[in-house]
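Summary of structural features
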Amino acid sequence: MPTCKSPRACPEGAWRARLLTTALLLSVVSVAGCTASSGATAHATATAAGTAAPAGVISDCLLSPVSCYAPALFRVEYGIQPLLDRGLDGHGETVTDLAVAPSPGAPAPGATAAPPPGVTAASDIRQDLAAFDAMFRLPTARIQVVTTLAGAGSPWQAAKEEVQDTGIVHTVAPAAALRVVLLPSNALGSAANATADMLAGLRLAASGTDVAVISFSLGEHYFTRAQVTQLHSTLLRAAAHHVTVIAGSGDNGGYSDADFADTAVKEVSLPASDPLVLAAGGTSFNGNLSAGFYISETAWNGQGGLVLTSGASGGGFSHLYARPAYQDGVGGISTDRGVPDVAGEADQKGGWAFVFGGGSKRWIMPASGSSAAASLWGGLVALADQDAHHDLGLVNPAIYRIARNHQAFHDITSGSNIVNIPYPAAGPAGYQAGPGWDPVTGWGSPDVQVLVPLLAA
């Protein structure tokens with residue numbers, strides 16, 4: 001390992017090598033005891049460099065071959081660690097996540113295995129974050145849950161996506177305060193519920209915060225003209241109060257997100273398609289992330305054959321909004337608002353590790369979906385706010401200016417979000433990734449150590 005102690009004292013490249021080596025050592029130490037066979041309880045292992053998994057944590061994805069990775073690795077891959085070393089950690093910032101509450105009485109995961117696919121389980125988010133912090137040597141998370149819309153029955157009961165997204169924000173901006181606005185558990189029970197609850201939740205999430213991350217999306221066609229106007233008015237108020245609103249672009253590739261068993265529609269989703277929202281698409285890391293250096297990313301697309309097994313980066317062009325001024329002159333954009341603007345890791349094969357469980361057992365699980373990418377960007381903007389000493393609000397114009405003039409992004413040039421929906425014979429829809437901006441991954445994933453100072457300036 002290089003002996004230099006700071007970036008200025010190192011030859012170019014040596015400081016990054018030192019960070020990579022340190023992160024790898026920390027991540028290996030952090031997961032010590034989590035390499036038993038699936039279902040085995042992790043045993044605490046103490047070393048001089050840190051503490052390992054608390055008793056009762058079960059490894060579900062940190063086994064060989066590794067399918068999720070410790071926070072320290074992502075902090076190096078995306079260039080976050082140098083900012084943390086400078087003291088930029090989100091102190092003084094609040095990041096709010098809009099999430100759907102689990103159903104009343106939702107089961108905790110089983111005693112010996114993680115919840116099976118498709119089964120909604122609930123856990124205590126305070127205990128999950130505490131186990132996450134202990135395992136990966138993070139400061140204690142500060143979290144507030146707002147139950148105005150969901151009701152105050154079980155405010156700390158959380159589904160996996162809520163735990164995943166808050167854990168990612170906490171990884172990127174560990175000193176930022178976490179705030180969750182819960183929607184009613186039946187929010188996705190019908191299109192009428194979903195649209196109305198999203199509007200109410202967005203109004204609440206975008207007030208009393210610095211950054212708001214929206215964890216679900218709906219196709220544009222589900223919203224009435226009046227609802228689109230209401231949503232845009234809420235976002236105008238957020239921008240006026242310098243709140244940055246970030247949303248995942250969706251998980252269905254060229255089709256809009258929906259959970260109502262109706263006809264698939266080739267379109268983008270709200271709120272990501274509104275020009276006042278920073279839309280985050282998904283990527284997949286190539287190669288072995290634990291090798292300790294950035295290799296490359298491709299567009300996230302989990303379609304195998306005709307089955308969309310894990311999702312694909314949402315993207316395309318809006319039917320509701322014309323191209324905003326900040327997208328003028330960008331290659332590949334038509335006269336309509338292009339989605340997404342940016343991207344980040346969203347593939348569960350190689351995703352961020354988070355801890356989720358119930359009772360005395362917890363599992364290390366892989367994060368997935370464009371909400372994971374949006375959460376990365378939520379933490380990133382909190383760092384930029386802190387660096388600027390004021391809230392940045394709508395960052396989209398600055399993102400596009402920076403992308404045109406600086407090497408602040410990992411350009412994703414391979415892969416696509418083309419998916420083929422066989423029911424009801426909807427056919428293929430989507431786009432290819434390519435150099436520069438594209439309607440799959442936007443400008444790409446961030447090189448945070450370059451991007452944040454530019455945003456702050």
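Below is a summary of the structure that appears in this document. Each chain has its residues counted from 1, running along the sequence as written. Since the coordinates come from a predicted model, pLDDT governs what is reported: local features require at least 70, and pairs of side-chain atoms require 80 or more to be given and counted, while whole-chain, interface and lining totals use all residues. Hydrogen atoms and water are omitted, and side-chain values are computed over all heavy atoms in the structure.

Observations regarding the overall build of the protein
Only DSSP runs of H or I with at least four residues qualify as helices, and only runs of E with at least two residues qualify as strands; both kinds are numbered from the N terminus onward. Each helix and strand counted, the protein has 10 helices and 26 strands in total. Within the span of the protein, comprising 457 residues, buried residues form 58% of the whole. What makes two residues a contact is simply this: any of their non-hydrogen atoms within 4.5 Å. Counting contacts in the protein only where the partners sit at least 6 residues apart, residues at least 24 apart contribute 75% of the total. Carbon together with sulfur atoms contributes 56% to the accessible area of the protein, which is approximately 17,000 Å² in total. Only protein chains enter the area calculation, which uses a 1.4 Å probe; residues under 20% of their type maximum are buried, those over 50% are exposed, and those in between are partly exposed. Each accessible area is a Shrake-Rupley estimate made with a 1.4 Å probe; only the visible protein chains count as cover when residues are assessed.

Topic: the nonpolar core
Joining through side-chain atoms within 4.5 Å is the link that ties buried Ala, Val, Leu, Ile, Met, Phe, Trp, Tyr and Cys residues into a set, and such a set is a nonpolar core. Counting residues in hydrophobic clusters, the biggest one holds 71 residues, and the most contacted among them are Trp-377, Ile-399, Phe-409, Leu-451 and Leu-455. For this core, the leading source of residues is helix H8 (residues 370-388), giving 11 residues. Leaving out residues up to four positions away in the same chain, Ile-399 has contacts with Leu-278, Val-342, Trp-377, Phe-409, Trp-443, Leu-451 and Leu-455. Of all hydrophobic cores here, the second largest spans 33 residues; its members include Val-146, Met-198, Leu-218 and Leu-276.

Notes on the pairing of strand S10 (residues 211-214)
Of the two faces of S10, the one lined by Val-211 and Val-213 and the one lined by Ala-212 and Ile-214 are each fully buried. We treat two strands as partners when DSSP finds at least two bridges between them. Here S10 pairs with strand S12 (residues 244-248) via 4 bridges, running parallel. Counterpart to Ile-214 in the pairing with S12 is Ala-247.

Quick notes on the packing of aromatic side chains
Centre-to-centre distance and the angle between the planes together describe a pair of aromatic rings. Whether two aromatic rings pair depends on their centres lying within 6.5 Å, for rings of Phe, Tyr and Trp, where Trp uses its six-membered ring; planes under 30 degrees apart make the pair stacked, over 60 edge-to-face, and the rest tilted. Considering all chains together, one arrives at 11 aromatic pairs under this definition. Here Tyr-400 and Trp-443 contribute two aromatic rings whose centre-to-centre distance is 5.7 Å and whose plane-to-plane angle is 75°, an arrangement assigned as edge-to-face. You can see Tyr-400 sitting in helix H9 (residues 396-405) and its partner Trp-443 sitting in the loop between strand S25 (427-429) and strand S26 (445-446), a full 43 residues away along the chain. Residue Trp-443 is classed as buried on the basis of its relative accessible area, which comes to 12%. Cluster of aromatic residues (ring-pair linked, three or more members): Phe-74, Tyr-78, Phe-285 and Trp-352.

A word on the packing of helix H4 (residues 125-136) against helix H5 (residues 160-172)
Only C-alpha atoms enter the line fits that serve as axes; for helices the fit covers just the stretch in contact. Angles between N-to-C directions range over 0 to 180 degrees. Where H4 contacts H5, the axes come no closer than 11 Å and their chain directions differ by 40°. Comparing their axes, H5 and H4 come out oblique. For the element pair H4 and H5, the recorded crossing hand is right-handed. For the pair H4 and H5, the contacting residues are Ile-125, Asp-128, Leu-129, Phe-132 and Asp-133 in the first and Glu-162, Val-163, Thr-166, Gly-167, His-170 and Thr-171 in the second. For the contact of H4 with H5, the class distribution of residues is 4 nonpolar, 4 polar and 3 charged. Should an angle lie under 35 degrees it is considered roughly parallel, over 145 roughly antiparallel, and from 65 to 115 roughly perpendicular; all remaining angles are considered oblique. Helix crossings fall into two classes, left-handed where the near helix is turned counterclockwise from the far one by less than a right angle and right-handed where it is turned clockwise. Amino acids are sorted into nonpolar (Ala, Val, Leu, Ile, Met, Phe, Trp, Tyr, Cys and Pro), charged (Asp, Glu, Lys and Arg) and polar (every other residue, Gly among them).

Some thoughts on the pattern of salt bridges
By salt bridge we mean one thing: a side-chain nitrogen of Lys or Arg within 4 Å of a carboxyl oxygen of Asp or Glu. One pass over the structure, following the stated rule, counts 5 salt bridges. With its nearest N and O atoms 2.8 Å apart, the salt bridge here joins Asp-124 to Arg-126. Taking the relative accessible area as the measure of exposure, Asp-124 reaches 17% and is therefore buried. Using a relative accessible area of 42% as the deciding quantity, one classes Arg-126 as partly exposed. Between Arg-337 and Asp-341 there is a salt bridge whose closest N-O contact spans 2.6 Å.

Comments concerning the packing of H9 against helix H10 (residues 448-456)
Between H9 and H10, whose axes approach to 10 Å, the crossing angle comes to 125°. One element, H9, and the other, H10, form an angle in the oblique class. For the pair H9 and H10, the sense of crossing is right-handed. Mapping the contact onto sequence places Ala-398, Ile-399 and Ile-402 in H9 and Leu-451, Leu-454 and Leu-455 in H10. The residue inventory of the contact of H9 with H10, partitioned by class, reads 6 nonpolar, no polar and no charged.

Notes on unusual backbone geometry
Pro-271 follows Leu-270 through a cis peptide bond whose omega is 5°. Tracing the chain through its elements places Pro-271 in the loop between strand S13 (269-270) and strand S14 (278-285). Looking along the chain, the bond that leaves Val-339 and enters Pro-340 is cis, with omega of 0°. Turning to its location among the elements, Pro-340 is positioned in the loop between strand S19 (336-339) and strand S20 (342-345). Its identity is not glycine, yet His-242 carries a phi of approximately 60°, on the positive side. Along the polypeptide, His-242 turns up in the loop between helix H7 (225-240) and S12. Its identity as a non-glycine residue notwithstanding, His-389 has a phi of 65°, on the positive side. Secondary-structure assignment places His-389 in the loop between H8 and H9. Residue His-389 is classed as exposed on the basis of its relative accessible area of 74%.

Shape descriptors only; they carry no functional weight alone.
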